[in-house]
Structures are given as C-alpha cells and as structure tokens.
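A structural walkthrough
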Amino acid sequence: MDILGIEFRADILLGWFDSAVSYIAIRWRPSLAIVFLALVLYWAFGWILRLVQRRFAAKTETTIDDELVRFIRKALRLTLLAWALWQLMGLWVPLLGEQTRDGEWVPYETQPREWVWGIWIALVFIPLSRFVRHLMQGFESKLLARSSTTGLDETALPMVNRFIRTAVIVIGVLIAMPHLGIEIAPLLAGAGVVGLALSLAAKDTLSNLMAGVLLIMDRPFQVGDRIELWSAPRETGTWGQGDSFLRGQS
C-alpha cells in the first residue's frame with residue numbers, strides 16, 4: 001500500500017510498532033515515578049504552607065505575610081509542574097539538532113525541555129508582581145497615614161505601584177527569553193532605535209507628560225493655592241485658585 005509516496009507494508013508497520021513498544025517500555029516507569037514524586041511534594045509543601053499560614057501568618061495584624069505565603073504556594077506549584085514537565089520531556093523528547101556538511105550531528109543550543117524553564121520564569125513573575133503590588137499598597141497606606149502633606153499622595157503612589165508591577169513582569173519576560181531561544185540583545189537594540197524615533201517624533205507630548213509626572217511627584221502647590229501664569233496668552237486666564245479657574249488680566 002502506497003499513501004502520499006510512503007510505502008506501507010506489513011513488515012514495515014510491524015517494525016514501527018516494535019520500535020514504539022520498546023521506546024515506551026523503558027520510559028513509562030520513570031515517568032510514573034516522576035509524576036508520583038511531584039504529587040507527593042505538591043501535597044507535602046501545600047500542607048506545610050497551610051500549617052504556617054494557619055498558625056503564624058493568620059495571627060499577625062499585617063497581611064503581608066499572608067500574601068507572602070500565597071506567593072510561595074503559587075511559586076512552588078509552578079516549580080513542581082515545571083520540574084515534572086522538564087523531567088518528562090527529557091525522557092520522551094529526543095535532542096534536536098542538525099547535521100553539518102562534514103556529516104557531524106550537532107545538537108541545538110536550546111532544547112525543547114529548556115522552554116519549560118523559560119515559561120516557568122515568565123509565569124512565576126506574575127504572582128511576584130502581585131506580591132510587589134501588595135507591598136506597595138501597604139507602603140502607600142502607611143505613608144498616607146503618617147503625613148497628609150507628603151508629595152507622594154493617592155495620585156502619585158498608584159501610578160508608581162502600576163509602574164513597578166509592570167517593570168517586574170517585563171524583567172521576568174526578558175529573563176525568560178534566552179531560555180526560549182530568543183536573543184534579547186537585538187530586541188533591546190531595536191527597541192532603543194524605536195524609542196529614539198518616537199521620542200524625536202513626539203518630543204512635545206513626552207515633555208508635557210514628564211512635566212505632569214514631575215508635578216505629581218513634586219507637588220509644588222496644593223488644592224486651594226492661588227496660581228498665576230506669567231506667560232499666558234492675551235485674553236486668557238492668568239491665574240487660578242483651588243479647583244476653579246478664574247479669568248484675570250495679563
């Protein structure tokens with residue numbers, strides 16, 4: 001029988017079947033052992049962390065330790081899953097490579113099993129960013145409770161919080177890229193060129209954006225202060241007070 005140019009005979013099919021059986025026979029027991037060990041470790045670590053959270057973390061006034069236990073639990077789950085997949089792929093997925101002109105077979109520098117750790121790094125940084133957000137929110141509440149005249153108020157701190165959380169995720173993705181076989185040096189160089197082009201094309205917008213950020217961070221005036229514009233256009237408002245703008249003379 002010939003299908004799509006491939007000849008199928010009984011002896012060929014029997015040879016494929018014997019090869020598949022022999023390939024599976026030496027791998028299914030180690031695979032079951034890996035899965036069993038991962039499940040045991042998953043249950044053991046989960047029990048220990050639940051015990052720690054019930055006896056210690058839940059009795060404290062702050063919620064930071066509770067969030068830390070939740071982050072460790074999620075990180076351990078992802079780690080055990082990644083470890084099991086890494087071991088299984090090492091058993092079942094052969095090394096990939098190519099044959100050179102000299103007839104020498106050279107494996108690729110990045111193998112499929114390394115992709116597991118790249119994905120693991122990217123996923124672990126997601127709960128890490130949530131834990132960092134919780135830390136920043138705790139810092140924000142304590143800072144606002146201590147002083148009501150600080151420059152970092154409820155307007156600036158959420159912006160800083162979102163920026164730090166996004167930065168944590170970006171760092172995780174950049175760390176994971178080499179494990180996925182993606183070189184980050186060309187990407188960073190291209191991002192630098194694109195950023196330079198955008199900064200030149202939208203320099204006025206960026207300058208206004210940076211000025212707004214500096215105003216939020218520095219807070220040179222508060223609600224209720226009278227502000228006078230020295231270089232305002234004619235026939236426009238030159239001063240304002242509070243949250244309402246009053247028209248004056250230039």
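Residues numbered from 1 in each chain as written. Predicted model: local features only at pLDDT ≥ 70, side-chain atom pairs only at ≥ 80, totals over all residues. Heavy atoms only, no water.

**A look at the overall build of the chain**
Secondary structure assignment for the chain yields 7 helices and 7 strands. Buried positions account for 18% of the 250 residues belonging to the chain. Sequence-distant contacts in the chain: of pairs separated by 6 or more residues, those separated by 24 or more amount to 55%. Accessible area of the chain: about 18300 Å², with a carbon and sulfur share of 67%. (Helix = DSSP H or I, 4+ residues; strand = E, 2+ residues; numbered from the N terminus. Buried < 20%, exposed > 50% of the residue type's maximum accessible area, 1.4 Å probe, protein only. Contact = heavy atoms within 4.5 Å. Areas by Shrake-Rupley, 256 points an atom, 1.4 Å probe, with all protein chains shown as cover.)

**Concerning the packing of aromatic side chains**
The final tally for this structure, using the stated rule, is 3 aromatic pairs. Between Trp86 and Trp117 the ring centres are 6.2 Å apart and the planes differ by 55 degrees, which places this aromatic pair in the tilted class. Note that Trp86 is positioned in helix α3 (residues 64–92) and Trp117 in helix α4 (residues 112–146), a separation of 31 residues in sequence. Taking 5.4 Å as the distance between ring centres and 90 degrees as the angle between the ring planes, the aromatic pair formed by Trp117 and Trp120 counts as edge-to-face. Of this pair, Trp117 and Trp120 are both found in helix α4, 3 residues apart, which corresponds to roughly one turn of the helix. The class for Trp120 is partly exposed, based on a relative accessible area of 24%. The rings of Trp86, Trp117 and Trp120 are connected pair by pair, giving a single aromatic cluster. Just above the ring of Trp86 sits the side chain of Arg113; from NZ or CZ to the centre is 3.9 Å. (Phe/Tyr/Trp six-rings, centres within 6.5 Å; stacked < 30°, edge-to-face > 60°. Lys NZ or Arg CZ within 6 Å of the ring centre and 35° of its normal.)

**Things to note about the packing of helix α2 (residues 28–55) against α3**
The contact between α2 and α3 brings their axes to 10 Å, and the two run at 175 degrees. With respect to α3, the axis of α2 lies roughly antiparallel. Residue composition of the contact of α2 with α3, grouped by class: 19 nonpolar, 3 polar and 5 charged. (Axes fitted to C-alpha atoms, helices over the stretch in contact; angles between N-to-C directions. Parallel < 35°, antiparallel > 145°, perpendicular 65-115°, else oblique. Nonpolar A, V, L, I, M, F, W, Y, C, P; charged D, E, K, R; others polar.)

**Some thoughts on the confidence of the model for the chain**
Interpreting fine coordinate detail is not advised for predicted regions of low pLDDT. Looking at the chain as a whole, its pLDDT mean stands at 76, while 74% of the residues score no less than 70. Considering only residues more than four positions removed or in separate chains, one finds that residues 244–250, a stretch of pLDDT under 50, has 18 contacts. (pLDDT = per-residue confidence, 0-100.)

**Side note on the environment of Phe139**
Secondary-structure assignment places Phe139 in helix α4. Between the C-alpha atom of Phe139 and that of Leu157, which follows or precedes it by 18 residues, the distance is 9.3 Å.

**Description of α2**
Between its first and last C-alpha, α2 extends 41 Å over 28 residues, near the 40 Å set by a 1.5 Å rise per residue. Among the residues making up α2, those that are buried are Ser31, Ile34, Ala38, Gly46, Leu49 and Gln53. Looking at the buried positions of α2, the neighbouring elements they touch are α3. (Expected span 1.5 Å × (residues − 1).)

**So, the nonpolar core**
If you look at the biggest cluster of nonpolar residues, it comprises 6 residues: Ile121, Phe125, Val132, Met136, Val168 and Ala176. When contributions to this core are tallied by element, the ones reaching two or more residues are α4 and α5 (156–176). For this core, the element with the most residues is α4, which contributes 4 residues. Dropping the residues within four chain positions of it, Val168 is found in contact with Phe125, Leu128, Ser129 and Val132. (Core = buried A, V, L, I, M, F, W, Y, C linked by side-chain atoms within 4.5 Å.)

**Things to note about a positive patch on the surface**
A contiguous patch of positive charge on the surface is contributed by Arg50, Arg54, Arg55, Lys59, Lys74, Arg77, Arg130 and Arg133. Looking at the positive patch, the elements that each hand over two or more residues are α2, α3 and α4. Among the elements that line the positive patch, the one with the most residues is α2, at 3 residues. On the secondary structure map, Arg77 appears in helix α3. Judged by its relative accessible area of 40%, Arg77 is partly exposed. (Patch = residues over 30% accessible without salt bridge, like charges linked within 9 Å, V, L, I, M, F, W, Y side chains within 5 Å. Salt bridge = Lys/Arg side-chain N within 4 Å of Asp/Glu carboxyl O. Lys, Arg positive; Asp, Glu negative; His and termini not counted. Charge placed at Lys NZ, Arg CZ, Asp CG, Glu CD.)

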